[in-house]
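A look at the structure
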Amino acid sequence: MKRVKVKLPSKRMVIRERKKKPKIQKCAICKKPLHGIPKLRATELKKLAKSEKRVERPYGGYLCSKCVREIMRERARKIA
Ligand SMILES: [Zn+2]
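Our subject in this report is the structure included herewith. None of these values were measured; they are calculated from a predicted model.

**Topic: the overall build of the protein chain**
- Summing up its helical and strand segments, the protein chain has 3 helices and 2 strands in all.
- For the protein chain, the α and β elements follow one another from N to C terminus as β-β-α-α-α.
- Its C-alpha atoms give the protein chain principal-axis dimensions of roughly 75 × 25 × 15 Å.
- Counting over 80 residues, the protein chain shows a buried share of 2%.
- Residue pairs at least 24 apart in sequence account for 25% of intrachain contacts in the protein chain once pairs closer than 6 positions are excluded.

Next comes the structure, spelled out in structure tokens:
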């Protein structure tokens, strides 16, 4: 819980508690914010379907598209 000072109409300052907002998920390699991932708390994420929580791609929700592309290229080079 996060404590917030709220000013009442009677000009009194009161401390209220608010739920903390989670941080944006970031790519594990380049640390850029990931797209398509909801910014919700763990209990709220539970209510969503798996496909709503991440991008449907290998490493979706963990790496960004550019880093995945780079990894796939690297693998193709090793196999060939
Ligand atoms: Zn990345």
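On we go from here.
**Topic: unusual backbone geometry**
- For Lys31, which is not glycine, the phi torsion reads 65 degrees and is therefore positive.
- With respect to the element layout, Lys31 can be found in the loop between β2 (13-18) and α1 (42-45).

**Some details on the pairing of strand β1 (residues 2-7)**
- A small share of β1 lies buried, amounting to 0 of its 6 residues.
- Where β1 meets β2, 6 bridges bridge the pair, whose relative direction is antiparallel. Across the sheet, Val6 pairs through a bridge with Val14, a residue of β2.
- Remark: 5 residues form the turn of the hairpin made by β1 and β2, two consecutive strands paired antiparallel; Lys11 in that turn has positive phi of roughly 65 degrees.

The rules we used
- Residues numbered from 1 in each chain as written.
- Predicted model: local features only at pLDDT ≥ 70, side-chain atom pairs only at ≥ 80, totals over all residues.
- Helix = DSSP H or I, 4+ residues; strand = E, 2+ residues; numbered from the N terminus.
- Buried ≥ 20, exposed ≤ 12 C-beta atoms within 10 Å, placed from the backbone.
- Contact = placed C-beta atoms within 7 Å.
- Pairing = 2+ DSSP bridges.

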